[in-house]
Amino acid sequence: MFEMWNNVAAKLEVQQTQVQSQQPHTSSGSIKGEPLKHNHFPKYLGVTLDRTLCYKKHLANTAGKLRTRNNIIQKLCGTTWGATAPTLRTSALALVYSCAEYCAPVWINSHHTRLIDVQLNHTMRLITGAVKTTPTQWLPVLSGIAPPQLRRTDALLREYNKITANNKLPIHRAIPPLQINRLKSRQPPIRDAEGLKTNNFDSLSQWRSQWEGFAEHHSRCAFIGAALLPGSELPRKEWVKLNRVRTGHGRCADSLYKWGYVQSPLCDCGAPRQTINHITSECELRAFQGSREDFFTATPLALMWLKELDINL
């Protein structure tokens, strides 16, 4: 009997120790007799901080918000009644990008910014109608929105210029030479901002350079910048078709076969593979009579061909 009680007492002591170890740590300080709880992820001005300043939790929470807002944008993207591309672009900038870029100069160097970029790529796919296999270099050009990293870099430089231009701001008294001495980050953004200002960083020129490097091997589409490509005022269904022809990625038989939706990649004209390029330039039943540049400039001939195309790309 005594051995049984000893075993029960030992088990209760172990359980009590485990419960105490799982309780949140408290600091030695107190306010009005209430002990201060230790918070591993304090929030300051809407930004969730962490011990290493990697902002993983903050960016994960933001990505969840973007996912919800993308669902709202998706409701405007009906195949037959969907909003036009300019309406979707304006809605995305106001609803999604405003949340995605909040305090971006603070966490711009985090290794977890990909959590944000994944959701913004999805936003641009909703605007343009591009499929997931479309290279991401296409998405900013088609949607007329600069790549996420360039937009964040531009925001960092604007913030730095605003701070350095006004010596009366309190930040100059809190951090005299604008050198961070507490909450040290491995990659302080202020150091990058100084380099950007010295090198006269221009986001549009950087974007143009990135696109020309990609287009040299993949496309002959002319760079436009922060504006939608021609044809953006078309109905949703035709705008989506036009962009899928431009990128060469769409719901053709070859892609549907790779995705497991059809049994064969054959074209009904007898060709072994029905790709976008085959449909526009080689198919005996549907080949376009103009040039590929007609799709990038949205000529009346190209738009008429898309309207009469019997395949829902």
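Residues numbered from 1 in each chain as written. Predicted model: local features only at pLDDT ≥ 70, side-chain atom pairs only at ≥ 80, totals over all residues. Heavy atoms only, no water.

Asker: Go over the nonpolar core, please, and point to the residues and values.
Answerer: If you look at the biggest cluster of nonpolar residues, it comprises 23 residues, and the most contacted ones within it are Tyr 55, Leu 66, Trp 107, Ile 116 and Leu 120. When residues in this core are grouped by element, the largest group, six residues, is from helix α3 (residues 85-100). With residues near it in sequence (within four places) discarded, Ile 116 still touches Leu 59, Thr 62, Ala 63, Leu 66, Ala 100, Trp 107 and Arg 152. Core analysis: the second largest hydrophobic core is formed by 21 residues, Val 141, Leu 156, Ala 193 and Trp 207 among them. (Core = buried A, V, L, I, M, F, W, Y, C linked by side-chain atoms within 4.5 Å. Buried < 20%, exposed > 50% of the residue type's maximum accessible area, 1.4 Å probe, protein only. Helix = DSSP H or I, 4+ residues; strand = E, 2+ residues; numbered from the N terminus. Contact = heavy atoms within 4.5 Å.)

Asker: Quick rundown of the packing of aromatic side chains? Include the residues and the values.
Answerer: Summed over the entire model, instances satisfying the criterion amount to eight aromatic pairs. Taking the centre distance of 5.1 Å and the plane angle of 90 degrees together, the rings of Trp 207 and Phe 223 count as edge-to-face. Of the two residues, Trp 207 sits in helix α10 (residues 203-218) while Phe 223 sits in the loop between α10 and α11 (236-247), which places them 16 residues apart along the sequence. Above the face of the Phe 41 ring, Lys 57 is positioned so that its terminal group lies 5.2 Å from the ring centre. (Phe/Tyr/Trp six-rings, centres within 6.5 Å; stacked < 30°, edge-to-face > 60°. Lys NZ or Arg CZ within 6 Å of the ring centre and 35° of its normal.)

Asker: I'd love a proper account of the confidence of the model for the protein, names of residues and values included.
Answerer: Averaged over every residue, the pLDDT of the protein is 85; residues scoring 70 or more account for 87%. Across the protein, the element-wise mean pLDDT spans from 45 in helix α1 (residues 2-22) up to 97 in helix α5 (residues 114-128). Of the regions scoring below 50 in pLDDT, residues 1-12 engages in zero contacts with residues more than four places distant in sequence or in other chains. Note that residues 22-27 has pLDDT below 50 and, in this model, six contacts with residues that lie over four places away or in other chains. (pLDDT = per-residue confidence, 0-100.)

Asker: Provide a residue-level description of the packing of α11 against helix α15 (residues 300-308), including the pertinent values.
Answerer: Think of two packed helices as two axes; the pair is described by the angle between the axes and how far apart they sit. One can describe the packing of α11 onto α15 by two numbers: an axis separation of 10 Å at closest approach and a directional angle of 110 degrees. Comparing their axes, α15 and α11 come out roughly perpendicular. Only Leu 303, Trp 305, Leu 306 and Lys 307 of α15 make contact with α11, whose side of the interface consists of Glu 238, Lys 241, Leu 242 and Val 245. A class-by-class count of the residues in the contact of α11 with α15 yields five nonpolar, no polar and three charged. (Axes fitted to C-alpha atoms, helices over the stretch in contact; angles between N-to-C directions. Parallel < 35°, antiparallel > 145°, perpendicular 65-115°, else oblique. Nonpolar A, V, L, I, M, F, W, Y, C, P; charged D, E, K, R; others polar.)

Asker: How would you summarise the state of the cysteines if you had to cite specific residues and measurements?
Answerer: All chains considered together, the criterion is met by zero disulfides. The thiol of Cys 267 is not disulfide-bonded; the next cysteine sulfur, from Cys 269, is found 3.5 Å away. (Disulfide = S-S within 2.5 Å.)

Asker: Any details on the side chain of Thr 113? Residues and values, ideally.
Answerer: Relative to the assigned elements, Thr 113 resides in the loop between α4 (104-107) and α5. In this structure Thr 113 touches Leu 59, Trp 107, Ile 108 and Arg 152, once residues within four positions along its chain are discounted.

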